[in-house]
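Structural overview
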Amino acid sequence: MEYVVAAVILLVVLVVGAVGLVVPKMRRRDLPPPPAKGSTTTLERPPTVPVEEELPPLIERPAEVVVEEPPAPVVEEPPALEKPEPSAGRLVRLRARLARSQSALGRGLLTVLSRDHLEEEDWEEIEESLITADVGIEATQVIVERLRERVRILGTRTVAGVREQLIEELVSALEPGMDRSLRTAPHDGRPAVVLVVGVNGAGKTTTCGKIGRVLIGDGGSVLFGAADTFRAAAADQIQTWGERVGAETVRGPEGGDPASVAFDAVKRGIDTGVDTVLIDTAGRLQNKVGLMDELGKVKRVVEKHGPVDETLLVLDATTGQNGLEQARVFTEVVDVTGVVLTKLDGTAKGGIVIAVQRKLGIPVKLVGLGEGPDDLAPFEPAAFVEALVGSDA
Ligand SMILES: Nc1nc2c(ncn2[C@@H]2O[C@H](COP(=O)(O)OP(=O)(O)O)[C@@H](O)[C@H]2O)c(=O)[nH]1
Ligand SMILES: [Mg+2]
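Residues numbered from 1 in each chain as written. Chains lettered and ligands numbered in written order. Predicted model: local features only at pLDDT ≥ 70, side-chain atom pairs only at ≥ 80, totals over all residues. Heavy atoms only, no water.

Some remarks on the site of ligand 1
Just so we agree on the cut-off: Whether a residue is near a molecule or strand depends on its heavy atoms: if one lies within 4 Å, it is near. Side-chain atoms alone can form a polar contact between residues adjacent in sequence; in general such a contact is a pair of N or O atoms within 3.5 Å, and within protein one must be able to donate a hydrogen while the other accepts it. Here the open area of atoms and residues is found with the Shrake-Rupley method and a 1.4 Å probe, where only the protein chains shown may cover a residue. Strands here mean DSSP runs of E at least two residues long; helices mean DSSP runs of H or I at least four residues long; both are numbered from the N terminus. Under the convention adopted here, Pro, Cys and the residues Ala, Val, Leu, Ile, Met, Phe, Trp and Tyr are nonpolar, Asp, Glu, Lys and Arg are charged, and Gly plus all remaining residues are polar.
The local shell around ligand 1 holds 17 residues, among which Gly201, Lys204, Thr206, Asp345 and Glu371 are the closest. In this structure, an oxygen atom belonging to ligand 1 sits 2.9 Å away from a main-chain N or O atom of Gly203. Backbone polar atom of Lys343 to an oxygen atom of ligand 1: 3.0 Å apart, as the coordinates give it. Protein coverage of the free-state accessible area of ligand 1, which is 580 Å², stands at 80%. Examining the composition of the shell around ligand 1, we find that four residues originate from one element, helix 9 (residues 204-217), more than from any other. Its residues assigned to classes, the shell around ligand 1 comprises three nonpolar, nine polar and five charged.

Details of the sheet that holds strand 4 (residues 276-281)
As a reminder of what qualifies: In short, DSSP must find at least two bridges between two strands for them to pair. Lines fitted to C-alpha atoms define the axes, with helix axes restricted to the stretch in contact, and inter-axis angles between N-to-C directions lie between 0 and 180 degrees. A contact between two residues is defined here by any heavy atoms of the two lying within 4.5 Å.
The eight strands are arranged 3-2-4-1-5-6-7-8 in an open sheet whose pairing can be described as mixed. Looking at the sheet topology across the chains shown, the edges are occupied by strand 3 (248-251) and strand 8 (376-378). With direction set aside, neighbouring strand axes in the sheet form an average angle of 25 degrees. Where strand 2 (residues 222-227) lies against strand 4, six bridges are found, and the strand directions are parallel. Bridged to Ala226 within strand 4 is Asp280. Where helix 9 meets the sheet, its contacts fall on strand 1 (192-197), strand 2, strand 4, strand 5 (310-316), strand 6 (338-342), strand 7 (364-368) and strand 8, and the angle it forms with strand 4 comes to roughly 170 degrees. Against the sheet, helix 10 (residues 232-245) makes contact with strand 2 and strand 3, and its axis sits at roughly 165 degrees relative to strand 3, the strand it touches most.

Focus on the UniProt feature "domain: SRP54-type proteins GTP-binding" (unreviewed entry) in the protein chain
Heads up, the condition is: UniProt positions are given in the numbering used here, feature names are shortened, and annotations may be inferred rather than shown by experiment.
The residues that UniProt annotates with the feature "domain: SRP54-type proteins GTP-binding" (unreviewed entry) are residues 363-376. Across residues 363-376, helical content stands at 0% and strand content at 43%; the span's end C-alpha atoms are separated by 16 Å.

A short note on the nonpolar core
Nonpolar side chains tend toward joint burial in soluble globular proteins. This is how it is decided: The term nonpolar core refers to a set of buried residues drawn from Ala, Val, Leu, Ile, Met, Phe, Trp, Tyr and Cys, joined through side-chain atoms within 4.5 Å. For the exposure calls, accessible area comes from a 1.4 Å probe over protein chains only, and a residue counts as buried if that area is under 20% of its type's maximum, exposed if over 50%, partly exposed in between. Each domain span listed reflects an automatic or database assignment of domains.
In this structure, Ile279, Leu341, Leu344, Val356, Val367 and Phe384 are the most contacted members of the largest nonpolar core, which totals 95 residues. Both domain 1 (87-174) and domain 2 (192-336) contribute no fewer than three residues apiece to this core. In contact with Phe384, other than residues within four places in its own chain, are Leu91, Leu98, Leu174, Leu344, Gly350, Val353 and Phe379.

With respect to a negative patch on the surface
Rules: Residues form patches when they are more than 30% accessible in relative terms and have no salt bridge. Like charges link within 9 Å. Nonpolar side chains (Val, Leu, Ile, Met, Phe, Trp, Tyr) link within 5 Å. Salt bridges, as used here, are contacts in which a Lys or Arg side-chain nitrogen is within 4 Å of a carboxyl oxygen on Asp or Glu. Only four residue types enter the charge count, namely Lys and Arg as positive and Asp and Glu as negative; His and the chain termini do not. Note on charges: their place is set at NZ of Lys, CZ of Arg, CG of Asp or CD of Glu.
Taken together, the side chains of Glu119, Glu121, Glu124 and Glu128 present a region of like negative charge at the surface. Look at Glu124 and you get partly exposed, because its relative accessible area is 45%.

What to know about the environment of Gly320
Among the secondary structure elements, Gly320 is positioned in helix 13 (residues 320-333). Look at Gly320 and you get buried, because its relative accessible area is 7%. Along the backbone, Gly320 and Ala133 are 187 residues apart, and their C-alpha atoms lie at a distance of 9.3 Å. Setting aside its immediate chain neighbours within four residues, Gly320 contacts Asp134 and Ile352.

Considerations on the environment of Asp122
Note on placement: Asp122 falls in helix 6 (residues 120-132). With residues up to four places along the chain from it excluded, the contact list for Asp122 reads Val112, Arg115 and His117.

Considerations on helix 8 (residues 159-173)
Given 3.6 residues per turn, any residue in an α-helix points the same way as the ones three and four places further on. For the record, the criterion: Expected span, for any helix, means 1.5 Å times one less than how many residues it has.
In a regular helix each residue adds 1.5 Å, so 15 residues correspond to 21 Å; helix 8 covers 21 Å between its end C-alpha atoms and thus fits that length. By the burial criterion, the buried members of helix 8 are Gly161, Val162, Arg163, Gln165, Leu166, Ile167, Glu169, Leu170 and Val171. Check the buried side of helix 8 and you find it contacts helix 5 (99-113), helix 6, helix 7 (137-154), helix 14 (352-360) and helix 15 (381-389).

Notes on the pattern of salt bridges
Across all of its chains, the model carries 22 salt bridges by this definition. With a shortest N-O distance of 2.9 Å, Arg213 and Glu82 are connected by a salt bridge. Of this pair, Arg213 sits in helix 9 while Glu82 sits in the loop between helix 3 (71-76) and helix 4 (90-93), placing them 131 residues apart in sequence. Classification of Arg213 as buried rests on a relative accessible area of 2%. With a shortest N-O distance of 3.0 Å, Arg244 and Glu82 are connected by a salt bridge. Taken together, the residues Arg244 in helix 10 and Glu82 in the loop between helix 3 and helix 4 connect sequence positions 162 residues apart. Using a relative accessible area of 22% as the deciding quantity, one classes Arg244 as partly exposed. A relative accessible area of 31% places Glu82 in the partly exposed class. In this structure, a network of salt bridges that share partners links the residues Glu82, Glu85, Arg90, Arg93, Arg213, Arg244 and Asp374.

See below:
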């Protein structure tokens, strides 16, 4: 027994001794690496530094990812191209957007027209409604005069009858016979060239993008020329529109020559065989001479490739009669073949369409009815007037 106890004690002593020897060694083994500075810095960093570095990202990343991811797929994943809506029937689909004009013009007129017998002051009220809707004084006088005459001659007595005749007068004031087709089809082995002009903020770039979508939606191919070199953001803006539908954008350096960008865009369009080249321009209207020089040059330089097929003047409907004066300057500089009236949504001044056409003698070909990518419609006088006056009592 004593022998066994002695053996156990000896064993314990040995174990304790061994532990006493080994543990310090292990500790020492942990310590030595630092002295060998050159190699350990690299060896030791992986376990410690990454852990420290990884911690903050875990907290920061969500914020960065949330902010940066949404724009990225739009710009960097062109395979998921958007399919624009067909252009046909858009005006009818978007007519609710004219609600404000409708309530200003339509309801006012209906109140007057619902009176049994139209007195002198009723006619004045009709005139006022039209002028308030920006139809313009001249056009209003002509329209009301003709309407009074018809009502008198035809002996129209019902509200529906007078309303019908007013609609006919408004439609005829819009000269429904005018050619409103867009010349965007390629010809003579070249793409059609469309120049988009107008003052700053009128909606040129947006309209370029929307037209591109319409053409692509209808099966064509498009190239954008970012000839607004005044701000880099302008080129980014049109390029983003292009990337969404798979259209190439030709751009130049910020502050570069707009005419040379336009020239290069048409050249590229010819080389790649697209159907239509849409050229977005700058609208700095600081003075008429500067604008003449710049726009005139863009047009001349582009025409070295062949004639410009369509020059669209973009006008903001909310600027009303004032916008018309600026518009005239453009018509003097370039041969405007069509007007695009933007921002007709949210204005009570839908009658401006009549004033624009009458003053400029140029057909309104397209109307912008919102900021959405497909909120642009071919202009149809009859559908527009119906929407303006409101089809139901
Ligand atoms: N509500 C509305 N806004 C529009 C319409 N067309 C353009 N805009 C807006 O008008 C602003 C200026 O448009 P932009 O195309 O940059 O004008 P630009 O300076 O002539 O190129 C932008 O905020 C557009 O979203 C439209 O038809 N309706
Ligand atoms: Mg622009």
